[in-house]
Amino acid sequence: MQPQERIAELKKERNAVILAHNYQQPEIQEIADFVGDSLGLAVQASKADADIIVFCGVDFMAESAKILNPDKIVLHPETKACCPMAAMCEPSGVRMLKKDFPRASVVAYVNTSAECKAEADICCTSSNAVKVVNSLDSDLIIFIPDENLANYVQRFTDKDIIPWPGYCPTHESISLKKIEKLKEEHPKAVVLVHPECRPEVIDAADAARSTEGMLNYIRESDKDEFIIGTEQDMIYRLSKEFPDKRFIEVPGAVCPTMKLITLDNVLAALESLSPEVNLPPELMEKAQAPLERMIALGRGD
Ligand code: 13P
Ligand code: SF4
């Protein structure tokens, strides 16, 4: 029996749902019940009626699913699948910033640990970061952990943003030189980049969007060629949704930890009901409110 068939059987037996991020390998996207961006996945997790959520993505995404469903079993098939940017932010540092800037509100990009989320007033994703910041009363914002996203938001708000100096290695690897070369080779292509990219890359693009925001942009566009400035497996999702359009990847834009989720470890997780995401109840309680405030605000792109 193929692993896909056994996964389908177990999913039924266990009443499980499989959620997968847009950067997952094609074979994982194929077995998922829902494929989407961080915000879409958090929304799906918050309304899941299955008993078990199998989360195919990185650690902070699986943790958010657990925080939004403390009574459900959330399985993360490979615990080494972590987001290096989320690991760049420490709750003790956030507490120091809060002390230094007591009138500031804290916005935590979902790419953070549960401990950092617990220090925040509200979470955001790349879809709604601008909307979240502008929804706050305070005119001073501590924004963790992505400096590029913080600087992107600063373009669309009069509030002062204090960025945490974190970054995504995958999106940092998308240089202006690479984008310029691709534009030369494909002069008619629309350039879409993720807001985790460097400011000069965002300046050179036609638009900056979350991964799902890119889908929405392409759906509404009459153009048929796009340079995609984000993780390469996004192109699998795009090609499936828009088979008549052409997508060009940026060389080297790979998130290695996203690829640690495989059919074998998804199958093993469903067989053994492990590894399970478990967090202290008091921590989940503190991290839940900022996540729910974000979900209530909805998409921004
Ligand atoms: P999205 O929310 O746009 O899917 O981005 C998540 C992420 O980790 C980007 O690197
Ligand atoms: Fe983290 Fe970057 Fe990978 Fe997204 S692409 S999960 S931000 S390392």
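Here the structure is shown first, and the text comes after it.
Residues numbered from 1 in each chain as written. Chains lettered and ligands numbered in written order. Predicted model: local features only at pLDDT ≥ 70, side-chain atom pairs only at ≥ 80, totals over all residues. Heavy atoms only, no water.

**Student:** Explain the layout of surface pockets to me, please; I cannot follow it from the model alone.
**Tutor:** It is a probe the size of a water molecule, rolled over the atoms, that shows where empty space is left. Approximately 210 Å³ is the volume attributed to the largest pocket. For the largest pocket, the lining is made up of 16 residues, of which Asp59, Phe60, Glu63, Thr79 and Ser113 are closest to its centre. Residue composition of the lining of the largest pocket, grouped by class: 8 nonpolar, 5 polar and 3 charged. In this structure, the second largest pocket occupies an estimated 160 Å³ of space. Lining the second largest pocket are 14 residues, with Ser126, Ser127, Tyr152, Gly300 and Asp301 positioned closest to its centre. Elements that contribute at least two residues to the lining of the second largest pocket include exactly helix H7 (129-134) and helix H8 (147-154). Broken down by element, the lining of the second largest pocket gets its largest block of residues, 3 residues, from H7. Here the residues of the lining of the second largest pocket sort into 6 nonpolar, 5 polar and 3 charged. (1 Å grid on protein atoms, 1.4 Å probe; cavity = no way out; pocket = protein on both sides within 12 Å on 5 of 7 lines; lining within 4 Å. Points joined across faces, edges and corners; volume = space filled by probe spheres on them. Nonpolar A, V, L, I, M, F, W, Y, C, P; charged D, E, K, R; others polar. Helix = DSSP H or I, 4+ residues; strand = E, 2+ residues; numbered from the N terminus.)

**Student:** Just checking my understanding: could you explain the sheet that holds strand E7 (residues 140-144) for this structure?
**Tutor:** By definition, the strands of a sheet pair up through backbone hydrogen bonds, in either a parallel or an antiparallel sense. On the basis of which strands lie adjacent, the open sheet formed by 4 strands has the order E6-E5-E7-E8 and parallel pairing. With one partner strand each, in any of the chains shown, strand E6 (122-124) and strand E8 (160-163) form the two edges of the open sheet. Adjacent strand axes in the sheet meet at a mean angle of 30°, parallel and antiparallel pairs treated alike. Two strands pair when backbone bridges link them, and E7 and E8 are joined in this way by 4 bridges, in the parallel orientation. Within E8, the position partnered with phenylalanine 143 by the bridge is proline 163. Docked against the sheet, helix H5 (residues 91-100) engages strand E5 (105-109), E7 and E8, running at close to 170° with respect to E7. (Pairing = 2+ DSSP bridges. Axes fitted to C-alpha atoms, helices over the stretch in contact; angles between N-to-C directions. Contact = heavy atoms within 4.5 Å.)

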